Amino acid sequence: MISMVPMFKPALFLLLTIFAALASAADSPTPTTDPDSMQAINAARAARESLPGRAHYEKACAVCHNGNVAKAPHRDMVGLLTVDAILNIIENGIMKEQASSFTAKERIELAEYLSGEELGQVRHTIPSCPKTIAYKESAATSGSNWGIQPANTRTISASAGGISSENVSSLKPKWTLAMPGASRMRSQPLLAGGLIFLGSHSGIVHALDQDTGCEVWSFQASGEVRTGIVLDDSGKAPLLYFGDVLANVYGVDARSGELVWRMRADDHPNATITGTPTPYKGAVFVPVSSLEVSLAANPQYECCTFRGSVVALDGQTGALNWKTYTIPDEPRVTGKNPIGTNIIGPSGAVVWNSPSIDSKNNQLFIGTGENMSSPASLTSDAMIAMDLTTGKINWVFQATENDVWNAACDTDFPENCPVENGPDFDFGGATIVVETTRHGRLVIAGQKSGFVHAIKPKSGELVWQTRVGRGGIQGGIHFGIAASGETLLVPISDMGDGRSYPTPDKPGMNALDANSGEILWTTLHEDNCGERAGCDPGISQVVTVIGDLVIGGAMDGAIRAYSIEDGKVVWEMDVTTAPHPSITGDVALGGSFGGAAGPIAFDGKLFISAGYGIYNHMPGNLFMVLEATR
């Protein structure tokens, strides 16, 4: 059985000060000033720094990975990988030459120091497929991109998905995978060529048989694959696109798992990719974000220098077509914090979400995060339209002004907290494009403030906005909304973050009229968490429309199907009540449903991912295929 408890996690040096909470739009760290918590954090930090691997790191790695070399990922980014993944990189990967002077024992010590995990945990493997099982060019795909459609509406018809209110109650597990070496499941699967393509915490992309889960091939990326996997079959070979936590973008042959191209989307040491790349007409559009916001918890860190961007690549070669920053001005020194460390800005406005496509107007849409350091920009917490051909910014709609925030705020280390001390109201979830009777085409997105905004796609003019949730650092809308025709389906998290708000939390599911923003129905979740640590009734994970249902997993470990007509829960399953036998021979552990790995339906099967072992949520490593009676 896979051990889900590392030896002294959280173990990243600076990130220990904020519960190892490398912030994302939907999962910013929850601050702490509790003396007992800080004592435990400092103890874990001291334990890590006493490991023998520290000396090896200082000898061969620190000169590049302490932030001194732009193209080298920061040490804390490397620490997001599992111990197995780091060891593989320094023994067989791109760091093999740099680690060549170390003995086998020293390489293990280095990997343990960087990851905060002890090598030797049992890692079960996925059974290999017979050679007769392979990628089939003629087989159907589950969608053209992460959002199923280029408009990101995440709509799967009853005929394509094979699931509706008539048979959803018949769903039964077909097979289950305990993802090896994982405590979180963040990569949305792609169904294509008769296979499942699935990224992992360990950085491995697996090609699995849809019927049995056996493995056809695997590909080792340089870092954790948080993005979904998407397919482009318009060229000579069907290519898979995805990104990793170190900001590498990949083009991999779907038939063989062979690397065709790889490029790094940004040279910043803390750059990362969380939103899934969007393929469209031979190009692939990549959202670029950063975890630098967490480093600001160190008062001696010069915060901050990263700017969000979108990168457009040639899909067949990975060559750069254009790159557009969300903040046009380069960061500069603007002052000093109370202990004399430089303040650098503007920064932030990162892009956590997968771009949606407006083919009619030849543009794409993204949402941005907060600024990480002063001064505030006009493009943070904003919806932005960019020209598909040139990357030119057509318009900006800023939903929340002066939102400048980083991980130093509300902690015992406030020196780097900006004077604005903003609410951290990112656009974590993706924009969607909806055709309406009253207004024609609209681009719509939900925000961590709890608001949903509808914008005219050509002008950027606000049409309506509706507050659905309370909002907060882990509140409001996290990883995205969906649409069924002119009905918007809006999940709300509203997880507590230690702050006080004037309105009550509203965890659950909602339906809105896309024409007016009127709330059609609300289904609130009761708190049934009891004593389960990391459990919460809210919905963080993105949801999916399947037939006449909207299906979404919550942070309490339950996945539910709601009637789009009235919001009634017509089916639910709690994946945390018992371990699930896995095709690997051990058991899969359910946990919180979180991130952008929303449920996918295809040919009467429902594919779900559960486990979110970061940011105070329940860990897990479950990938499950359920099948309905037709």
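Before reading on, note that the structure itself is shown above.
Residues numbered from 1 in each chain as written. Predicted model: local features only at pLDDT ≥ 70, side-chain atom pairs only at ≥ 80, totals over all residues. Heavy atoms only, no water.

**Looking at the sheet that holds strand β28 (residues 508–513)**
Here we have four strands laid out as an open sheet, ordered β26-β27-β28-β29, and antiparallel in their pairing. Here the strands that pair on one side only, and so sit at the sheet edges, are β26 (482–484) and β29 (519–524). Averaged over all adjacent pairs, the angle separating strand axes in this sheet is 20°, with direction ignored. Across six bridges, the pairing between strand β27 (residues 487–492) and β28 is antiparallel. Its bridge partner being in β28, Ile-492 is matched across the sheet by Gly-508. (Pairing = 2+ DSSP bridges. Helix = DSSP H or I, 4+ residues; strand = E, 2+ residues; numbered from the N terminus. Axes fitted to C-alpha atoms, helices over the stretch in contact; angles between N-to-C directions.)

**Concerning the side chain of Ser-222**
For Ser-222, the location among the structural elements is in the loop between β6 (215–220) and β7 (230–232). A relative accessible area of 10% means that Ser-222 is categorised as buried. Within polar-contact distance, the side chain of Ser-222 engages the side chain of Arg-262 at 2.9 Å. (Buried < 20%, exposed > 50% of the residue type's maximum accessible area, 1.4 Å probe, protein only. Polar contact = N/O pair within 3.5 Å; in protein donor to acceptor, adjacent residues only side chain to side chain.)

**Observations regarding the nonpolar core**
Core analysis: the biggest nonpolar cluster contains 52 residues, and Val-249, Trp-261 and Leu-313 have the highest contact counts within it. Where this core is concerned, the elements lending two or more residues are α4 (75–78), α5 (83–92), α6 (104–115), β8 (239–243), β10 (259–264), β13 (283–290) and β14 (309–314). No other element matches the six residues that α5 contributes to this core. Filtering out sequence-adjacent residues up to four positions away, Leu-313 remains in contact with Val-249, Trp-261, Met-263, Gly-282, Ala-283, Val-284, Val-286, Gly-318, Ala-319, Leu-320 and Asn-321. (Core = buried A, V, L, I, M, F, W, Y, C linked by side-chain atoms within 4.5 Å. Contact = heavy atoms within 4.5 Å.)

**With respect to unusual backbone geometry**
In this chain, Cys-303 is followed by Cys-304 through a cis amide linkage whose omega measures -5°. Topologically, Cys-304 is positioned in the loop between β13 and β14. Cis rather than trans, the peptide bond between Ser-374 and Pro-375 has omega equal to 5°. By the secondary structure assignment, Pro-375 is in the loop between β19 (363–367) and β20 (382–387). In this structure, Asn-152 takes a positive phi of about 65° despite not being glycine. With respect to the element layout, Asn-152 can be found in the loop between α6 and β1 (155–156).

**Some remarks on the pairing of β10**
Looking along a regular strand, one sees side chains alternate from face to face of the sheet. Sheet topology note: the strand β9 (residues 248–253)/β10 ladder contains five bridges and is antiparallel. Bridging from a neighbouring strand, Tyr-250 pairs with Arg-262 of β10. Hairpin remark: β9 followed by β10, antiparallel, with five residues in the connecting loop; positive phi at Gly-257, about 80°.

**Let's talk about a negative patch on the surface**
On the surface, Glu-166, Asp-548, Glu-565 and Asp-566 cluster together into a negatively charged patch. Structurally, Asp-548 can be placed in the loop between β30 (544–546) and β31 (549–553). What makes Asp-548 partly exposed here is its relative accessible area of 34%. (Patch = residues over 30% accessible without salt bridge, like charges linked within 9 Å, V, L, I, M, F, W, Y side chains within 5 Å. Areas by Shrake-Rupley, 256 points an atom, 1.4 Å probe, with all protein chains shown as cover. Salt bridge = Lys/Arg side-chain N within 4 Å of Asp/Glu carboxyl O. Lys, Arg positive; Asp, Glu negative; His and termini not counted. Charge placed at Lys NZ, Arg CZ, Asp CG, Glu CD.)

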